[in-house]
There are 2 protein chains.
Amino acid sequence: MSDYIKTIKKSKLFRRVPEEELEDLLEHLDSQLKFYSKDQVVLTAGRRIKRVGLILDGILNLYESDFWERTHQIDQLKQGELLMENFAVSGSVTMHSVTAETASAVLWLNIREILTLDEKHTYNTVLIQSFMREMARKNLQLYTRLSDMDRLTTKEKLLSFLSKEALHHHSNEFDIPLSRQQLADYLSVERSAMSAELSELARQGYLITRKNHFILLKK
Amino acid sequence: MSDYIKTIKKSKLFRRVPEEELEDLLEHLDSQLKFYSKDQVVLTAGRRIKRVGLILDGILNLYESDFWERTHQIDQLKQGELLMENFAVSGSVTMHSVTAETASAVLWLNIREILTLDEKHTYNTVLIQSFMREMARKNLQLYTRLSDMDRLTTKEKLLSFLSKEALHHHSNEFDIPLSRQQLADYLSVERSAMSAELSELARQGYLITRKNHFILLKK
DNA sequence: TGTTATCTGTTGGAAAACCAACAACGATTT
DNA sequence: AAATCGTTGTTGGTTTTCCAACAGATAACA
């Protein structure tokens, strides 16, 4: 535990908790630190869970498998992110399975405890705020990706994504943090077709691009 | 306000708040009831907001507009749902504009107030729980749709969606709550092409369907 | 009952996307 | 400097999807 105490203190969830209250808080949350080796199964779908995971180290993969027993990756979560928070909070049965992409460490927290504490500590307010902030952040992220994907053509998906990047950078000129393959995965399209479409958009005067650098042009 | 007090009491957010505390709570939340006529603009993108909306009546449309000033509908929210909760909680600038699809009533709440109250009322815990539950529920809903859409072909999108429906109904036989057009919109594909693909899936032995009734078959 | 409106499945031509293969480029290593 | 490796853009053939139009089925209504 002590190895990870620094990571915990720096995490979005606990960053604002007063240092002297941290240990007390972790105890109240009935926290458990668990380790997983590469490819180990962390959780399987179909269970009710009470705990939220905070990933202290490593990378985890979320999967779901369908009626015909085919599996499909949903998401990949890294250090600092929350795990299964939606299932834990809503109390619904998990639909996702989790495996470790790399050796990982997860701090499991009984987040509901915080809501039923008798005494009022500073952390009470702080933790709830941080937790809600994280949920809202994730929610917005999902909305953003959904609205990029909710288009019939690759061209429209690209324009939607690039618009948001421009907005985010307060400029029509910016670098994107994704490789072509990563961008294609994000938009759920095929890489080479997307590259071709980017060239086509440049030809049509929507933008200028070279590698990760983009300049959007009003037509 | 009194016209809507019943709706408020029945809402997911306030349902569990003790009746005698409700009025006090609404005051603490600095609540404001606002009305909007059909097509009226409720909010425009690019602002920081502090309040969460609870839709007491009507239907609202969420839009975003891109770099080239083209607008695109993101979502439609109905009575009982929360509005702009992610922006209010995370404190980030709104990217969405909201207009009224029908005449509507929205109760605006300063949700952050609940986290800084001195006294501890029952509602304190209850409201936060309800609020977090709602966020988690919405989050899961977004994840679900994303994973249905995160496929390259219409066939895969359909199989993903139908698998989840089967899981949800604990049976390989079920009715879906969407018309063909609604399903096509949900999956971001073209209706007639989707219908054709459903016929093809039936021909290939994945399922039997007639109107809204489906039977999935192991191959 | 007959009329109308809505929803669904089918079809064919046009457009878009997939897919595999390859070449150009840049960065890194030897 | 040469070789290697990963990334990106291009191309051509094939598949899938879009799109518009239409016909049959179903439900709602007069």
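Rules behind the numbers
Residue positions are given per chain, counting from 1 as you read along its sequence in written order. Just so you know, chain letters begin at A and ligand numbers begin at 1, following the order they were written in. Where local features are concerned, this predicted model is filtered to residues with pLDDT of at least 70; where side-chain atom pairs are given and counted, the filter is 80 or more; whole-chain, interface and lining totals use all residues. In computing side-chain values, all of the structure's heavy atoms are included and hydrogens and water are not. Between 30 and 60 degrees the pair is tilted, below 30 it is stacked and above 60 it is edge-to-face, where a pair is any two Phe, Tyr or Trp rings, Trp via its six-membered ring, whose centres lie within 6.5 Å. Residue exposure (1.4 Å probe, protein chains only): buried if accessible area is under 20% of the type maximum, exposed if over 50%, otherwise partly exposed. Helix numbering and strand numbering both begin at the N terminus, where a helix is a DSSP run of H or I of at least 4 residues and a strand a DSSP run of E of at least 2. Either the NZ atom of lysine or the CZ atom of arginine qualifies as a charge over a ring when it sits within 6 Å of the ring centre and within 35 degrees of the ring normal. Either an automatic procedure or a domain database provided the assignment from which the domain bounds are taken. Two strands make a pair as long as DSSP finds a minimum of two bridges between them. Each patch is built from residues that are more than 30% exposed by relative accessible area and take part in no salt bridge. Like charges join if they lie within 9 Å; nonpolar side chains (Val, Leu, Ile, Met, Phe, Trp, Tyr) join within 5 Å. Surface accessibility in these figures is a Shrake-Rupley result with a 1.4 Å probe; residues are shielded only by whichever protein chains are displayed. Salt bridge criterion: a side-chain nitrogen from Lys or Arg within 4 Å of a carboxyl oxygen from Asp or Glu. Charged residues are defined narrowly, with Lys and Arg counted positive, Asp and Glu counted negative, and His plus the chain ends left uncounted. Think of each charge as sitting on NZ of Lys, CZ of Arg, CG of Asp or CD of Glu. By convention in this text, a residue qualifies as near a molecule or strand provided that one of its non-hydrogen atoms is within 4 Å of it. Polar contacts, as counted here, are pairs of nitrogen or oxygen atoms within 3.5 Å of one another; within protein the pair requires one atom able to donate a hydrogen and one able to accept it, and residues that are adjacent in sequence qualify only if both atoms are side-chain atoms. Gly is placed with the polar residues, together with every amino acid not listed as nonpolar (Ala, Val, Leu, Ile, Met, Phe, Trp, Tyr, Cys and Pro) or charged (Asp, Glu, Lys and Arg).

**With respect to the packing of aromatic side chains**
Moving on, step 1. According to the stated counting rule, one finds 10 aromatic pairs over all chains in the structure shown.
Moving on, step 2. Centroid distance Phe67 of chain A to Trp68 of chain A: 5.0 Å. Interplanar angle 80°. Geometry classified as edge-to-face.
Moving on, step 3. Assessed through its relative accessible area of 16%, Phe67 of chain A is described here as buried.
Moving on, step 4. For the ring pair Tyr4 of chain B and Phe35 of chain B, a centre distance of 5.9 Å and an interplane angle of 45° mean the geometry is tilted. Of this pair, Tyr4 of chain B sits in the segment before α1 (5-10) while Phe35 of chain B sits in strand β1 (residues 32-36); the two residues are 31 residues apart in sequence, bridging distant segments of the chain.
Moving on, step 5. Connected via pairs of aromatic rings, a cluster forms that spans Phe67 and Trp68 of chain A together with Tyr206 of chain B.
Moving on, step 6. One residue, Arg145 of chain B, lies across the ring of Tyr186 of chain B, its end atom 5.6 Å from the ring centre.

**A word on the domain arrangement of chain A**
Interface size is commonly expressed as the accessible area that is lost once the parts come together.
Moving on, step 1. By the assigned domains, chain A splits into domain 1 (2-121) and domain 2 (151-216).
Moving on, step 2. A straight line from the C-alpha centre of domain 1 of chain A to that of domain 2 of chain A covers 33 Å.

**With respect to the pairing of strand β5 (residues 71-78) of chain B**
Residue and element names in this part refer to chain B.
Moving on, step 1. Of the strand pairs in this sheet, strand β4 (residues 59-65) and β5 are connected by seven bridges, and their pairing is antiparallel. If you follow Glu64 over to β5, its bridge partner there is His72.
Moving on, step 2. Between β4 and the antiparallel strand that follows it, β5, lie five residues; Glu69 among them carries a positive phi value of about 65°.

**What about the pairing of strand β10 (residues 207-210) of chain B?**
Residues and elements named next belong to chain B.
Moving on, step 1. With four bridges connecting them, β10 and strand β11 (residues 213-216) associate as antiparallel partners. Looking at β11, one finds that Ile208 is bridged to Ile215.
Moving on, step 2. Where β10 folds back onto β11 in an antiparallel hairpin, the turn is made up of two residues, including Lys211, whose phi is positive at roughly 55°.

**Description of a positive patch on the surface**
Moving on, step 1. A cluster of basic residues, Lys12, Arg15, Arg16 and Arg133 of chain A together with Lys50 and Arg112 of chain B, forms a positive patch on the protein surface.
Moving on, step 2. Looking at the secondary structure, you find Arg15 of chain A in the loop between α1 (5-10) and α2 (19-28).

**Regarding the protein's contact with DNA strand C**
Moving on, step 1. In the vicinity of DNA strand C, 18 residues are found, and the nearest of them are Thr154 of chain A together with Arg180, Arg191, Ser195 and Ser199 of chain B.
Moving on, step 2. The contact atoms of DNA strand C, taken as those within 4 Å of the protein, divide so that sugar and phosphate hold 61%.
Moving on, step 3. Backbone polar atom of Thr154 of chain A to a phosphate oxygen of DNA strand C: 2.4 Å apart, as the coordinates give it.
Moving on, step 4. A class-by-class count of the residues in the surface near DNA strand C yields three nonpolar, nine polar and six charged.

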